[in-house]
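Report on the structure
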Amino acid sequence: MNQEEILYCQNCIGNETNLRCQKCNELICYNCLNETPIGYRCSNCVEFNKPPMYKISIITLITSALIAIVFGFIMGIISLFLIPIQTYYSFITVIGSVFFGLLISQILFIIINWSSNGKRGKQIQIIAVCSIVLSSIIRLYISENIQIAINDLNGFVYLLTGVLVLWDKFK
């Protein structure tokens, strides 16, 4: 009788496998394989081939977050004057909210893009979205009228526009 040797995944203890990484030839199981156009690769080889714009250092993240917080605060003050909190709205005020949401999100994009040296990815997306959310919270806090803020469609349109634009730009 010919007995085959049982091979186990290098990362997952106890998972039998016969698959190997196309690049480094390590054993990988179906749970840890990454499908690439060239073949299956382990997570170490895929991480190694990550484009430079998605490799973000901790210092860059912290710097970008601090700058985003400061400018989110400033944009919150500016947005209070551009988009006053009100319970009534019209087509023109909603269009104005979309316009100012686009304008402020573009300004935040330029600032965060500069502070992160053009990096992209989920971490920068979260920092950018937190910045625009902070600007909306500051806008509501300075107005001191939370009851009206609940019915503020213009503020919601501004926030939604800013979040969608910033999330898409930092993909």
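To be clear, the structure that these remarks concern was listed above.
For the structure given in this document, a descriptive report is provided here. Every value quoted in this text rests on a predicted model; they were computed, and no experiment measured them. (Residues numbered from 1 in each chain as written. Predicted model: local features only at pLDDT ≥ 70, side-chain atom pairs only at ≥ 80, totals over all residues. Heavy atoms only, no water.)

Bringing the packing of aromatic side chains into the picture now. The final tally for this structure, using the stated rule, is 2 aromatic pairs. Plain terms: the ring middles of Phe 99 and Phe 100 are 5.3 Å apart, the flat faces sit at 65 degrees to each other, and that makes the pair edge-to-face. Taking the centre distance of 5.0 Å and the plane angle of 55 degrees together, the rings of Phe 109 and Phe 170 count as tilted. You can see Phe 109 sitting in helix H3 (residues 91-115) and its partner Phe 170 sitting in the segment after helix H6 (153-169), a full 61 residues away along the chain. (Phe/Tyr/Trp six-rings, centres within 6.5 Å; stacked < 30°, edge-to-face > 60°. Helix = DSSP H or I, 4+ residues; strand = E, 2+ residues; numbered from the N terminus.)

Once that is clear, we can look at unusual backbone geometry. With the exception of glycine, the majority of residues adopt a negative phi angle, and the majority of peptide bonds are in the trans configuration. With a phi angle near 70 degrees, Asn 25 is a residue other than glycine that sits in the positive phi range. For Asn 25, the position within the fold is in the segment before strand E1 (34-35). Unusually for a residue other than glycine, Asn 117 sits at a positive phi of about 60 degrees. Summarising the element assignment, Asn 117 is placed in the loop between H3 and helix H4 (122-143).

Viewed as axis vectors pointing N to C, helix H2 (residues 58-82) and H3 meet at an angle of 160 degrees, and their least axial separation amounts to 9 Å. The orientation of H2 with respect to H3, classified from their angle, is roughly antiparallel. Where H2 crosses over H3, the two elements pack in a sense that is right-handed. Across the interface between the two elements, Thr 60, Ser 64, Ile 67, Ala 68, Phe 71, Gly 72, Met 75, Ser 79 and Leu 82 of H2 pack against Phe 100, Ile 104, Ile 107, Leu 108, Ile 111, Ile 112, Trp 114 and Ser 115 of H3. Each residue belonging to the contact of H2 with H3 can be placed in one class, and the counts come to 12 nonpolar, 5 polar and no charged. (Axes fitted to C-alpha atoms, helices over the stretch in contact; angles between N-to-C directions. Parallel < 35°, antiparallel > 145°, perpendicular 65-115°, else oblique. Left-handed = near helix turned anticlockwise from the far one by under 90°. Contact = heavy atoms within 4.5 Å. Nonpolar A, V, L, I, M, F, W, Y, C, P; charged D, E, K, R; others polar.)

Take H3 next. The terminal C-alpha atoms of H3, which comprises 25 residues, lie 36 Å apart, in line with the 36 Å expected from a rise of 1.5 Å per residue. Turning to H3, its buried residues number three or more, namely Ser 97, Gly 101, Ile 104, Ser 105, Leu 108, Phe 109, Ile 111, Ile 112 and Ser 115. Check the buried side of H3 and you find it contacts H2, H4 and H6. Looking one or two residues past H3, Asn 117 carries a phi angle of roughly 60 degrees, positive in sign. (Expected span 1.5 Å × (residues − 1). Buried < 20%, exposed > 50% of the residue type's maximum accessible area, 1.4 Å probe, protein only.)

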